[in-house]
Each structure stands twice: as C-alpha cells, then as structure tokens.
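Coordinates in review
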Amino acid sequence: MRDDLPRSMSFGPRRRWRRALLWTALVMLMLVAQTLLVALTVSYESSRTQELAEETATLVAAEIRQRAQLVLQGLQALHRRHADRQAWQTEASALLQTHREIVRIERRDTGLRIDDAADSPYRDPLFSRWPRAEMDLETEVACASARRTMSPVFSRSQFVPQHNGLGLEVVDVCVPLQEAGQLVGFGVASIALTALLDELRPPEFARRHEISFVEADGTRLARSGAVRGAGVYVADRVVDLAGTSLQLRVDAVERRPSLIPNLATALVLGLSLGLFVVVLLLVRDARRRAAAEEALAEALAFRRAMEDSLITGLRARDRDGRIVYVNPAFCHMVGFSVDELKQATDPPYWPPEHVPLYRHRQAQRLAPDSIAEPAREGYETVFMRRNGERFPVMVYEAPLVDRSGQHTGWMSAVVDLSAQRKVEDLSRQQQERLQATARLASVGEMASLLSHELNQPLAAIASYATGSLNLLDDTPQTNQPSLPPLPPEELNGMLRQGLQRIAEQAERAGRVIKSVHDFVRRRHQAHEVIAADALIESVLPLVRLQARKSGARIEIDIPQPVPRLKIDRTMVEQVLLNLARNGMQAMESDATPLERRVLTLKVRVVQGRWAAFSVSDAGPGIAPEVGQKLFTPFFTTRNEGMGLGLSLCRTVIEQHGGAIDFESGSDGGTTFRFTLPLAQTRAEVPA
Ligand code: ADP
C-alpha cells in the first residue's frame, strides 16, 4: 500500500494533462461538428431553393410551349371552319374569351392586308393608341417566313404603347392559311406576354417565384403577379418557338439564408447546445459514479481485510438455515472449505451424535417468533473439525436485516473455546499444585508443633506404661520385703486404670495426627457453599495447636444468622490458618504479656453481598517499611519463614473477587481483613 502511494501521486499531473487534452479535443470536435452542421444546413437550404427555382423554370417553359401550341391550334381551326365574316367574328370572339393571353386576332389576305380583326374583350383594343400600320414590321417579317415555310412562325416581341401610359410586350404569331394546297391568306394572333404568364397553371409557381421574360441583356420584358424575386436563386430557360425564342427567368423570393433567423439552423444550434449540456451532465454523472464505485470498492476491501484478519469465525445463514457466507477464520476453525460448507444440507461440523439435537435447536432458533428476541448473550455448543476432533465453541447470533427492513437470515460470531479451556485446565492444575505445596509447607512448619503436642500424650503413655509395669513388678514373686503385696483386685483395678489412660492418650495423639491428615488430604470441589461457622470450625483444631504453643486464647465472633459463603473452601481455610498463625507468632515474644495474648476471629456482613472476616492479634504491630512489602512473595522477617503466606492469601482472596488489607495500631496490635462473596440465591444455599 505504501509503495503505491507515491507512484499514484506522481501520475497525478500526467493524468490531469490527459484529462485537459481530452476535454479540449471534445470541445474542438463539438465546435467542428456544429460548424459543419450549420454549413451543411445552410448549403442544403440554398441548394433546395435553387433546385426549386430550376424545377419551376422547366415546368413553366413547358407550360408556355403548351399554351403556344393551343393558340396555334385555335387559329388554324378558326380558319378552317369559317369563311364568312360574321361567323369568323363570332368564333374569333369565342377564341379570345377562352384564351386570355391572345389580345387580337387578324385575318389577312395573301398580300398581308387585314381582312378582319377582333380584339380581346378583357382590355382596350391593342392598337387604339398606336396605329397598326406602324407596328406591322415584325408581323410582316414573321408572315414572310411563314409563307416560305408554309408553317406558323412567331415574330420577335415588340412593345405596343397603350393609353394608360404603359404598354404591352406582344409576340405575333403568323399562321399560313391554305385551301387545296394553295395559300389563301394568313391568320395572325397577338399574344401579350404578361397575360401569357398570368394564365399559367398551376399558380403555386407564382406564389414563391417571380416569373418573367427577359432580353438577352437581362432587361425585363414582362412579368406576372405581385411577387418579386430576391435575385439570389435565379433559373433561366430559353423557350424556343417557331421563328423566335423567348428567355424565361424564374427568380425565387428567398434571400441567401442567414444564420439565426433560419429555423433549421437555430434548431441545429439548439440541439448541439443541448447535446453539449447532456455530455457535461453525463461526464459529471460518470465522475460521481466512479467516485462512488471507488468508495464502495475501498469499503469492500476494508471489510474483506477486516473479516479475513478476524480470528472470530463469522457465519451467515439464510432463513432456511443454509450457510450463505463464512469467513476464512471459520473455515480454518472447522477445517472445511467455503464450498463444502455452502453445499452441505446439515453442516459438516455438527458431530454426528448431536445432529438430531442440533436440528431441533436450529428449528427453534429459526422460528419466526424468535426473531424479535435474538439471544444476545450467546450459547455454548460443541462443533467437530474435519479430523473428527470435537471442540467447544461460543456462538453469538444476531438477525440479518436488509435495507428494506426484511429479515433475511442470521449472522453468527463463533469463538473457539478449546484454547481457553486448555488454559483453564492448566490454571486449575496449577492451583491444585499450589494448594498442595502451601499445605505441605504449613505441615512442615507444623511438624515442630506436632512434636510438641504429641510429646504430652506420648510422655503420659510412657509414664502410665512404666507405672503399670512397676505394679506388675510389685507382685509377690519379686520378694520385696518393704512393701506389702497388693491384693489382686486392687492391682487389677490400678492396671486397668493405667491401661485406660494409655488408651485415652493414644486416642488423643491419634486425633492430633488425624486433624493434620484431614487438612492435608482434603480436596473439595471448587466454589461450594459453606456457612462461616463451619469454615472456622474446620481450621480450629490446627489453630488451637498453635495457640497452645503460644499460650494464646482464641475468641470467635460470628453474627446470627450465620452468613453463608460461596468459596473454594480449602483455599480459604488456608488463608484463615495463615493469618491466625501469623497473629499468634507475633504474640509469642515477651513484648506481649500472657494475659493479653488473645486472637480474635470476627465475621460481619457488609453491603448485603459480602462477608468481611477479620483476624486481630495483640502483637507488636507492623512497622510502615515492613507493611509496604508485606504481600510481596518471599518477604519475611522470621528466620524460619518462607514469606509466601500473605502473598498466597492475597491471590486466593482476589480470585474470589474480594480484597485483603491490614490495619496496625501505633500501640501494637494488628488486624487483617478480607472479604468473600456471600451465597446469593436460594438455589446456591443448600437446604
Ligand atoms: P512468613 O510467615 O513465612 O514470614 P508471611 O507472608 O506470612 O510469611 O508474612 C510475612 C511477614 O509479615 C512476616 O515475616 C512478618 O514480619 C509480617 N507479619 C505478618 N503477619 C503479622 C502480624 N500479625 N503482626 C506482625 N507482623 C506480621
């Protein structure tokens, strides 16, 4: 981990550079894409408008040709059907009504003189202001050409002034009229170019385009409608008519597309901006997501490391009791792999002899009503390792609840108790050894006491035995004249009494030996319940031995009702014995006169839970420098002492949860006090 840190830090600036470069590239690309899009949109718009103009021009040119053809057909039909003037006039008027673009029809003879003429009813007669004769040149040229080719010929366009100060651009068409293959005259029609354009169908052309006829130099000859072209999208077509040609111009009203007012461009710009914002939001979202993922991965790694480093086994089960998760410590504890544990129906670490019991217990534990109160304090049970070894474990179980508050299973922490048990066993064994040693040490010290105590009965036995022997020797066989022989009844009586005394003294010696024997051999079960008086009673024989040697009296003060204790009896007896013996040893010197040598054993109940014992003597007291080291092992002031007594006392009392201390008055006398737990509940007190 530490190695990674500087490396990742050294990558920091380079990574920042890369990010800045990527951002610049993104912005540039967006700009280029946007510009391209705008340019393409504008170019598309332009070409669309131009295309439309071209298309319109083609259509209009075709239409004009078609109309010209219709005019020709109308003229030819008029000649063929009507030779007489009246009928010609009627038919000519009809033709003028159907073809608004025709403003005048003439019938001429072969010398081009006008026989008949009819003007359009929709306007003033064409030559009302300007005489026909002065405007006849172009017509005559066309008719001459028609005579030569014997087919209709159009004249060049000419401007015919009108009354209102304006004029009409007119094209004449000259149709040669034949009868039986002979030329009999000419039909001439004048077509107004403006009207021709106005008559065009469909009118949609006219709505978005200005349609006009122009000269080669661009001078406008005629145009239709009110629409005016912008001069940007222009399409020209040459309309070829027999004998002449007209230049048609279509001019779209649209100007060159400008950026902002153009809807499509605005749309593209708006979309691009929107896209940019979305990209920004996505980037921010991706960053947040990446940060969250990193945090999650770190948390997961931390959790994994924590679970892996635990020595407590972790096990998760679903609501059917199936194992869904175990940590390495658990696998290590039972010796089965994760897969083996997950796949088994009954956990493989259940000892086969307990399987029915464990199944029953699991069913109870997994019952829905047990969820409300999980057993927080845990329970002790036995698991089995892969090698068949059984071992004790402590299991703490808690319900697994998911985010929606659903109870999904159970999580257990499993602690292997086998090591703890071994330590406990070891400590118990050591304790026992310590007891035995302490006891033997006491016995060793008591050996002198014993010899002193046994001396008396043994001396008594010896003297009684000698007395009895002497009595036997005083019988008549001994020939001692000084003493008269005893009568046999009296001798028997005295011998009996002597032997009785011997038996009594032997019994007394036996009792002394038995009390020591009892003390050394007794091994009680740890922590039993015992009454305080019984406890003191059991050490009293040995205390008395010492008291007799020291010439001390013993006073005992126990309250009523007698407190009951829950203790390791043997060890506490040892404590009492040590303190009593120390007290009496302190009083053995001459500093304490015989009448003051009193050892007091007192018991009191404190705070309702403790029994306070005190052992007081009238010895010289304890000097402060001695008092500081009193409980230190091997500290002693006596030549024959070992210095283990008080240190052992403190160990024993503290193991019971109690405390020991002492008080020494300035004028002598010492009191040792210690506390022991009372038996609390009725169940602990034997009946
Ligand atoms: P030991 O009895 O083998 O010396 P202990 O641990 O029992 O070992 O006692 C340590 C020392 O404490 C004794 O040597 C003695 O000096 C002092 N001591 C203990 N009890 C008393 C007492 N009641 N009065 C005065 N001195 C005492």
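What comes next concerns the included structure.

What counts and how
Residues numbered from 1 in each chain as written. Predicted model: local features only at pLDDT ≥ 70, side-chain atom pairs only at ≥ 80, totals over all residues. Heavy atoms only, no water. Phe/Tyr/Trp six-rings, centres within 6.5 Å; stacked < 30°, edge-to-face > 60°. Helix = DSSP H or I, 4+ residues; strand = E, 2+ residues; numbered from the N terminus. Buried < 20%, exposed > 50% of the residue type's maximum accessible area, 1.4 Å probe, protein only. Lys NZ or Arg CZ within 6 Å of the ring centre and 35° of its normal. Near = heavy atom within 4 Å. Polar contact = N/O pair within 3.5 Å; in protein donor to acceptor, adjacent residues only side chain to side chain. Nonpolar A, V, L, I, M, F, W, Y, C, P; charged D, E, K, R; others polar. Core = buried A, V, L, I, M, F, W, Y, C linked by side-chain atoms within 4.5 Å. Contact = heavy atoms within 4.5 Å. Salt bridge = Lys/Arg side-chain N within 4 Å of Asp/Glu carboxyl O.

With that settled, the discussion passes to the packing of aromatic side chains. In the structure shown here, the tally under the stated rule is seven aromatic pairs. Their ring planes at 5° and their centres at 5.1 Å tell us that Phe-613 and Phe-674 sit as a pair that is stacked. Taken as a pair, Phe-613 in strand β20 (residues 610–617) and Phe-674 in strand β22 (residues 670–677) lie far apart in primary sequence, 61 residues in all. Summarising the burial analysis for this pair, Phe-613 and Phe-674 share the class buried. Ring plane angle 35° and centroid distance 5.5 Å describe the contact between Phe-662 and Phe-672, whose orientation is recorded as tilted. Of the two residues, Phe-662 sits in strand β21 (residues 660–664) while Phe-672 sits in strand β22, which places them 10 residues apart along the sequence. Residue class for Phe-662 comes out partly exposed when judged on its relative accessible area of 26%. Overall, Phe-672 belongs to the buried group, its relative accessible area being 7%. The cationic tip of Arg-100 hangs over the ring face of Tyr-122; the distance from NZ or CZ to the ring centre is 4.2 Å. Over the ring of Tyr-358 we find Arg-361, and its NZ or CZ is 4.3 Å from the ring centre.

With that settled, consider the site of the ligand. The immediate surroundings of the ligand are formed by 19 residues, with Asn-582, Asp-617, Thr-636, Thr-637 and Arg-638 found nearest. Residue Thr-636 places a side-chain N or O atom 2.5 Å away from an oxygen atom belonging to the ligand. Within the backbone of Leu-646, an N or O atom sits 2.9 Å from an oxygen atom of the ligand. A total of three residues in the shell around the ligand trace back to one element, the largest contributor, which is helix α13 (residues 569–586). For the shell around the ligand, the per-class residue count stands at eight nonpolar, nine polar and two charged.

A separate point is the nonpolar core. Counting residues in each nonpolar core, the largest one holds 44 residues, and the members touching the most others are Leu-565, Leu-576, Phe-613 and Phe-674. Going through the elements one at a time, α11 (488–521), α12 (532–550), β18 (564–567), α13, β19 (598–606), β20, α15 (645–655) and β22 are the ones with two or more residues in this core. At nine residues, the largest contribution of residues to this core is made by α12. Not counting chain neighbours up to four residues away, the residues in contact with Phe-674 comprise Val-575, Leu-576, Leu-579, Ala-611, Ala-612, Phe-613, Ile-653, Ala-659 and Ile-660. Counting residues in hydrophobic clusters, the runner-up holds 37 residues, among them Ala-61, Ile-102, Ile-105 and Leu-248.

Attention now goes to the pattern of salt bridges. Taken as a whole and judged by the stated rule, the model has 33 salt bridges. Residue Arg-85 is joined to Asp-116 by a salt bridge in which the shortest nitrogen-to-oxygen separation is 2.6 Å. In this pair, Arg-85 is assigned in helix α2 (residues 85–98) and Asp-116 in strand β2 (residues 114–119), connecting sequence segments 31 residues apart. The exposed category is assigned to Arg-85, whose relative accessible area is 54%. Under the relative-accessibility criterion, Asp-116 is labelled buried at 4%. Arg-390 serves as the salt-bridge partner of Glu-353, at 2.7 Å between the closest nitrogen and oxygen. Residue Glu-353 is located in the loop between α8 (338–343) and α9 (355–366), and its partner Arg-390 is located in strand β14 (residues 390–401); the two are separated by 37 residues in the primary sequence. The network of salt bridges with common partners includes Arg-104, Glu-106, Arg-108, Asp-119, Arg-132, Asp-136 and Asp-172.

Worth remembering: the numbers are spatial, not functional.
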